[in-house]
Amino acid sequence: MTQGERRTPARRTVLGAAGATVLGASAALAATGTAQAAAPDGTPGRGHGYRSLPVPTVIGHRGASGYRPEHTLGSYRHALDLGAHVVEQDLVPTRDGHLVCRHENDITGTTDVADHPEFASRKTTKTVDGTALTGWFTEDFTLAELKTLRAKERIPGTRQENTLYDGRWTVPTFEEVLEWAEEEGRRRGREIWLHVETKHPSYFRSLGLGLEERLAKLLRRYGRHRANSPVFLQSFEPSSIQRLAKLVDAPGVVLLSGASSRPWDFVEAGDPRTVADLVTPEGLRWIASYAQGIGPTLDLVIPKDASGRLGTPTTLVRDAHAAGLILHPYTHRNENAFLPADFRKGTDPTAYGDAFGALKRYLETGIDGIFSDNPDTALLAAADLAVDA
């Protein structure tokens with residue numbers, strides 16, 4: 001199968017993954033041997049690259065962040081337990097150059113750093129990608145210092161149950177995650193796929209903490225630098241993916257935010273193009289010259305109207321597939337606060353809405369995968385889609 005070919009979900013593949021999630025039976029997934037999603041030994045994606053993953057691919061967003069504090073080994077492990085095909089990591093550096101897993105370099109809301117009087121003087125205001133932020137930042141801590149902190153829930157007002165796990169895990173390094181993935185792979189008898197993002201790469205390069213070279217070195221050390229390695233490399237800055245493409249052969253994904261926004265590296269370079277320009281057929285062909293996929297916000301797939309309800313799908317899926325690109329949009333979450341208005345239930349923003357209804361609309365567009373804080377929900381929605389096909 002060539003890169004540009006479109007594939008439809010394999011019913012037994014998706015149902016097998018969902019069955020393994022619901023029943024807790026890993027054998028259910030292994031029993032779904034299809035040419036699309038499984039190697040001869042029945043393990044999805046083993047040694048066959050990203051085109052061998054189930055479609056739609058369910059990516060555990062920052063792990064299983066709907067149930068555990070994000071970017072902790074507990075969140076990553078729970079995502080696998082729920083059946084996620086891929087688990088995401090966001091990378092930022094420490095002062096001494098180690099890559100650690102945090103959604104942002106500002107760790108004020110995701111660690112207990114504010115409770116450490118020895119670090120009170122580290123609180124500061126910085127401008128990151130044009131935005132002024134006040135807090136504590138990973139680049140001001142050595143790894144040893146960062147390891148004295150404990151992770152906590154980022155949005156406790158919305159996910160109060162997740163606060164049960166506050167303080168249970170430290171901030172993991174990416175090397176620890178690579179070692180964990182190898183161990184989990186041996187235990188589960190399959191490759192553990194990772195979706196790795198370089199955060200604010202231009203900003204960190206300006207500090208002498210370039211991310212791409214450090215990331216490539218670790219990928220090579222753990223044998224995840226090849227075209228068929230079980231890893232995606234993603235960034236909101238196209239130049240970061242271009243740089244990585246020169247260092248390793250692992251598949252790259254360009255993340256795309258709002259249509260009117262500009263990637264920060266474009267801002268710094270004086271490139272006038274916006275995301276709206278990048279999602280045109282011409283822009284997608286340019287991305288395809290160095291990357292294998294895009295990660296658009298879901299609003300670029302199905303925009304919302306003025307009331308927040310889903311409208312008519314755009315041509316992005318069709319156009320991206322025509323350029324040979326896969327699509328991994330972000331982010332599905334179950335809570336009303338994060339759902340389109342027409343799929344909310346009741347008035348409590350923290351309550352679950354009609355997540356399955358919203359997922360059905362998104363998956364019907366033909367996207368190749370989806371980032372989800374609730375991977376078990378996304379897997380069941382994919383199974384529903386396969387049954388209806």
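Report on the accompanying structure.

Parameters at a glance
Residues numbered from 1 in each chain as written. Predicted model: local features only at pLDDT ≥ 70, side-chain atom pairs only at ≥ 80, totals over all residues. Heavy atoms only, no water. Helix = DSSP H or I, 4+ residues; strand = E, 2+ residues; numbered from the N terminus. Buried < 20%, exposed > 50% of the residue type's maximum accessible area, 1.4 Å probe, protein only. Contact = heavy atoms within 4.5 Å. Areas by Shrake-Rupley, 256 points an atom, 1.4 Å probe, with all protein chains shown as cover. Salt bridge = Lys/Arg side-chain N within 4 Å of Asp/Glu carboxyl O. Phe/Tyr/Trp six-rings, centres within 6.5 Å; stacked < 30°, edge-to-face > 60°. Lys NZ or Arg CZ within 6 Å of the ring centre and 35° of its normal. Arc of directions from axis to C-beta.

## Some remarks on the overall build of the protein chain
A tally of regular secondary structure across the protein chain gives 15 helices and eleven strands. Burial statistics for the protein chain: of 389 residues in total, 58% are counted as buried. For the protein chain, the proportion of contacts with a sequence separation of at least 24, taken over those separated by at least 6, is 66%. Carbon and sulfur atoms make up 51% of the accessible area of the protein chain, which amounts to about 15,400 Å² in all.

## What about the environment of Ala64?
Note that Ala64 resides in the loop between strand S1 (57-60) and helix H3 (73-82). C-alpha separation for the pair Ala64 and Leu82, spaced 18 residues apart in sequence, amounts to 8.3 Å. Not counting residues up to four positions away in its chain, the partners in contact with Ala64 are Ser75, His78, Ala79, Leu82, Asp373 and Pro375.

## Considering the pattern of salt bridges
By the definition in use, this model includes 24 salt bridges. Across the salt bridge formed by Arg188 and Asp81, the nearest N and O atoms sit 2.7 Å from each other. You can see Arg188 sitting in helix H5 (residues 174-188) and its partner Asp81 sitting in helix H3, a full 107 residues away along the chain. Given a relative accessible area of 24%, Arg188 falls into the partly exposed group. Classification of Asp81 by relative accessible area gives partly exposed; the value is 44%. In this structure, a network of salt bridges that share partners links the residues Arg77, Asp81, Glu184, Arg187 and Arg188.

## Here we look at the packing of aromatic side chains
Here the structure, examined in full by the defined rule, presents nine aromatic pairs. Where Trp286 meets Tyr290, the ring centres are 5.0 Å apart and the plane angle is 75°; that geometry is what we call edge-to-face. Of the residues examined, Tyr290 reaches a relative accessible area of 11% and is grouped as buried. An aromatic cluster is defined as three or more aromatic residues linked by ring pairs; in this entry it consists of Tyr50, Trp193 and Phe232. The side chain of Arg273 reaches across the aromatic face of Trp286, ending 4.1 Å from its centre.

## Thoughts on helix H11 (residues 281-288)
Turning to H11, its buried residues number three or more, namely Gly283, Leu284 and Ile287. Each buried residue of H11 sits inside an arc of 100° when the element is viewed along its axis, so together they form one side. Of the exposed residues in H11, the ones pointing more than 90 degrees away from its buried face are Glu282 and Arg285. As for H11, its buried residues are in contact with strand S8 (252-256), helix H10 (275-278), strand S9 (293-296) and helix H13 (316-322).

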